[in-house]
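Structural overview
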Amino acid sequence: MGNIRTRPSWDEYFLQLAELVASRSTCLRRQVGAVLVRNERIIATGYNGAPRGLEHCLDIGCLREEQGIPSGQRYELCRGVHAEQNALINAAFYGVSTRDTVLYCTNQPCIICARMIINAGIEKVVHRGNFHDDLALEFLNEAGIIVVLMEDIK
């Protein structure tokens, strides 16, 4: 009974799980994981990588690297689907509503993901940063979505 430990908060817990999900990423530049949660229960996960059935960048190389495209630009020139997008797609694939959920992700969402988050009915985004997109934050704020930046919690 002398061992006193503290349990992680729900936000810490789900961000740690998002880190684990990110370990499945097939992106050569950035490994991102996302966990979609309703009432403290996971409803979907996603990591960044090529669409189902397509070759992964791990196997054939990075198109963006080959063309010298900087991070945060020309998102359409990439084989990968973002982790946040894959979490939403996986929920849709299995017929699970994303309304009134919380999205936990290892990085701040980009503007493309922010627009999808808004339309998916997500009410809160908890992330660790490591990517910054002012327009995405502006859109999420305008839509009334709570955005929480948490420090590393390893």
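See the structure shown above.
This report concerns the structure included in the present document. (Residues numbered from 1 in each chain as written. Predicted model: local features only at pLDDT ≥ 70, side-chain atom pairs only at ≥ 80, totals over all residues. Heavy atoms only, no water.)

1. Considering the nonpolar core
Counting 23 residues, the largest nonpolar core has A34, L36, L103, I117, I122 and V125 as its most contacted members. Counting only elements with at least two residues in this core, the list comes to strand 1 (33-38), helix 4 (83-93), strand 3 (102-105), helix 5 (111-120) and helix 6 (134-142). Among the elements that line this core, the one with the most residues is helix 5, at five residues. L15, A18, V37 and M150 belong to the second-largest nonpolar core, a separate cluster that totals 10 residues. (Core = buried A, V, L, I, M, F, W, Y, C linked by side-chain atoms within 4.5 Å. Buried < 20%, exposed > 50% of the residue type's maximum accessible area, 1.4 Å probe, protein only. Helix = DSSP H or I, 4+ residues; strand = E, 2+ residues; numbered from the N terminus.)

2. A short note on the environment of Y75
With respect to the helices and strands, Y75 occurs in the loop between helix 3 (63-67) and helix 4. When the C-alpha positions of Y75 and E123 are compared, they lie 25 Å apart, and in sequence the two are 48 residues distant.

3. Looking at the packing of helix 4 against helix 5
Where helix 4 contacts helix 5, the axes come no closer than 9 Å and their chain directions differ by 30 degrees. Overall, the two elements helix 4 and helix 5 adopt an arrangement that is roughly parallel. Both helix 4 and helix 5 take part in a crossing whose hand is left-handed. For the pair helix 4 and helix 5, the contacting residues are E84, Q85 and L88 in the first and I112, C113, M116, I117 and A120 in the second. Class assignment of the residues belonging to the contact of helix 4 with helix 5 gives a composition of six nonpolar, one polar and one charged. (Axes fitted to C-alpha atoms, helices over the stretch in contact; angles between N-to-C directions. Parallel < 35°, antiparallel > 145°, perpendicular 65-115°, else oblique. Left-handed = near helix turned anticlockwise from the far one by under 90°. Contact = heavy atoms within 4.5 Å. Nonpolar A, V, L, I, M, F, W, Y, C, P; charged D, E, K, R; others polar.)

4. Re the pairing of strand 3
Residues V102 and Y104 point to one face of strand 3 and L103 and C105 to the other, with burial holding for every one of them. In the sheet, strand 1 pairs with strand 3 via four bridges, with the strands oriented antiparallel. Among the inter-strand pairings, V37 is bridged to a residue of strand 3, identified as V102. Pairing between strand 3 and strand 4 (residues 124-127): four bridges, direction parallel. Its bridge partner being in strand 4, L103 is matched across the sheet by V125. With helix 5 bridging strand 3 and its parallel neighbour strand 4, the resulting β-α-β unit is right-handed. (Pairing = 2+ DSSP bridges. Right-handed = clockwise from strand over helix to strand, strands pointing away.)

5. Comments concerning unusual backbone geometry
At R74, a position not held by glycine, the phi torsion is positive, near 50 degrees. Relative to the helices and strands, R74 is located in the loop between helix 3 and helix 4. What makes R74 partly exposed here is its relative accessible area of 48%.

6. Describing the pattern of salt bridges
Side chains bearing opposite charge may pair, as long as their charged atoms lie close to each other. The full count for this structure, using the stated rule, is four salt bridges. Linking D11 and K124 is a salt bridge whose minimum nitrogen-to-oxygen distance equals 3.6 Å. Of this pair, D11 sits in helix 1 (residues 10-22) while K124 sits in strand 4, and the two are 113 residues apart along the sequence. Looking at K124, the relative accessible area reads 21%, which means it is partly exposed. The partner of R29 in a salt bridge is E65, and the shortest N-O contact between them spans 2.8 Å. Here the residue R29 occupies a position in the loop between helix 1 and strand 1, and E65 occupies one in helix 3, the gap between them amounting to 36 residues. (Salt bridge = Lys/Arg side-chain N within 4 Å of Asp/Glu carboxyl O.)

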